[in-house]
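In case you want the letters, here they are:
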Amino acid sequence: GIQVEQSPPDLILQEGANSTLRCNFSDSVNNLQWFHQNPWGQLINLFYIPSGTKQNGRLSATTVATERYSLLYISSSQTTDSGVYFCAPPGAGSYQLTFGKGTKLSVIP
Amino acid sequence: KAGVTQTPRYLIKTRGQQVTLSCSPISGHRSVSWYQQTPGQGLQFLFEYFSETQRNKGNFPGRFSGRQFSNSRSEMNVSTLELGDSALYLCASSFNENSPLHFGNGTRLTVT
């Protein structure tokens with residue numbers, strides 16, 4: 001099945017700093033989703049991004065399917081951005097997502 | 001619009017028992033997926049249902065089963081519980097294969 005690698009595994013930021021999270025995947029995909037899991041375990045969909053760039057407030061995501069990677073940009077980070085960020089391309093079935101191990105982000109005041 | 005609703009939020013069971021978890025998808029979503037999250041294995045796909053039919057199943061033993069009802073609500077069942085089944089079980093729904101997946105808050109199962 002598809003392999004998903006996320007980097008860095010851990011990231012500590014000062015509030016207000018910017019960051020870039022990376023997701024590499026082993027097979028070509030026609031879409032990819034980014035999620036944020038908050039400290040209470042809730043998994044929130046940030047982006048559904050087949051290709052190109054999407055923006056939502058301070059967050060934006062870019063997927064380059066031909067080169068098999070996606071990037072998540074967080075600007076002007078806030079303490080509420082803390083948590084684990086997962087990327088998930090589809091696996092064997094269209095509705096079956098394969099999750100990476102995530103990037104754990106800690107934003108300190 | 002209400003989100004994905006999972007019940008119960010927490011469960012404590014003993015080895016050998018069985019458990020049933022429930023999931024109500026977002027109104028209008030016909031696809032329901034289940035995932036298991038553990039510290040060691042991360043997020044792993046269990047199965048996916050669409051219009052009461054299981055379309056995909058992950059690499060889990062037969063003790064894990066599920067079903068979907070005509071109103072798209074879904075249940076998953078784990079029989080003969082083992083300590084390793086302790087995990088956060090997440091249900092997700094989607095309108096179709098080209099739309100975002102939305103997760104519920106999960107059911108945290110502890111097996112003692």
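To be clear, the structure that these remarks concern was listed above.
My aim in this report is to walk through the structure given alongside it, one point at a time. Since this is a predicted model, take the numbers as computed values, not measurements.

Things to note about the overall build of chain B
- Regarding its fold elements, chain B presents 0 helices and 11 strands.
- Relative to the 2.2 N^0.38 estimate, which gives 13 Å for 112 residues, the radius of gyration of chain B is 13 Å and therefore close to what a compact globule would have.
- Dimensions of chain B along its principal axes, counting C-alpha atoms only, are 40 × 25 × 25 Å.
- Here chain B holds 112 residues, and 49% of them are scored as buried.
- Taking all contacts inside chain B whose residues are at least 6 apart in sequence as the whole, residues at least 24 apart take part in 52%.
- Here chain B displays about 5400 Å² of accessible surface, and carbon together with sulfur accounts for 47% of that area.

Describing the environment of L43(B)
- Structurally, the position occupied by L43(B) is in strand 5 (residues 42–50).
- Remark: the alpha-carbon pair of L43(B) and K1(B), spanning 42 residues in sequence, is separated by 26 Å.
- Setting aside residues up to four positions removed in sequence, L43(B) forms contacts with L43(A), F86(A), F99(A), Y35(B), Q36(B), Q37(B) and L90(B).

Some details on the pattern of salt bridges
- A complete count under the given rule lists 6 salt bridges over all chains for this structure.
- A salt bridge links D81(A) to R58(A), with the shortest nitrogen-to-oxygen separation between them at 2.9 Å. Taken together, the residues D81(A) in the loop between strand 8 (69–74) and strand 9 (83–88) and R58(A) in the loop between strand 6 (52–56) and strand 7 (59–64) connect sequence positions 23 residues apart.
- A relative accessible area of 6% places D81(A) in the buried class.
- You can call R58(A) partly exposed: its relative accessible area is 25%.
- Close ionic contact of R55(B) with E48(B) constitutes a salt bridge, the shortest N to O distance being 3.1 Å.
- Bridged by salt links that share partners, the residues R63(B), E82(B) and D85(B) form one connected network.

With respect to the state of the cysteines
- One pass over the full model with this rule turns up 2 disulfides over all chains.
- Between C23(A) and C87(A) runs a disulfide, and the two sulfur atoms are separated by 2.0 Å. One quick way to see it: the torsion about the S-S bond of C23(A) and C87(A) is about 70°, and its sign makes the bridge right-handed. One end of the pair, C23(A), is in strand 3 (residues 19–25); the other, C87(A), is in strand 9, with 64 residues separating them in the sequence.
- The class for C87(A) is buried, based on a relative accessible area of 0%.
- Covalent S-S linkage joins C23(B) and C91(B), the inter-sulfur distance amounting to 1.8 Å. Across the S-S bond of C23(B) and C91(B) the torsion is about -65°, and the bridge reads as left-handed. In this pair, C23(B) sits in strand 3 (residues 19–24) while C91(B) sits in strand 9 (residues 87–94), placing the two residues 68 residues apart along the sequence.

The rules behind these values
- Residues numbered from 1 in each chain as written.
- Chains lettered and ligands numbered in written order.
- Predicted model: local features only at pLDDT ≥ 70, side-chain atom pairs only at ≥ 80, totals over all residues.
- Heavy atoms only, no water.
- Helix = DSSP H or I, 4+ residues; strand = E, 2+ residues; numbered from the N terminus.
- Rg over C-alpha atoms; globule rule 2.2 N^0.38 Å.
- Buried < 20%, exposed > 50% of the residue type's maximum accessible area, 1.4 Å probe, protein only.
- Contact = heavy atoms within 4.5 Å.
- Areas by Shrake-Rupley, 256 points an atom, 1.4 Å probe, with all protein chains shown as cover.
- Salt bridge = Lys/Arg side-chain N within 4 Å of Asp/Glu carboxyl O.
- Disulfide = S-S within 2.5 Å.

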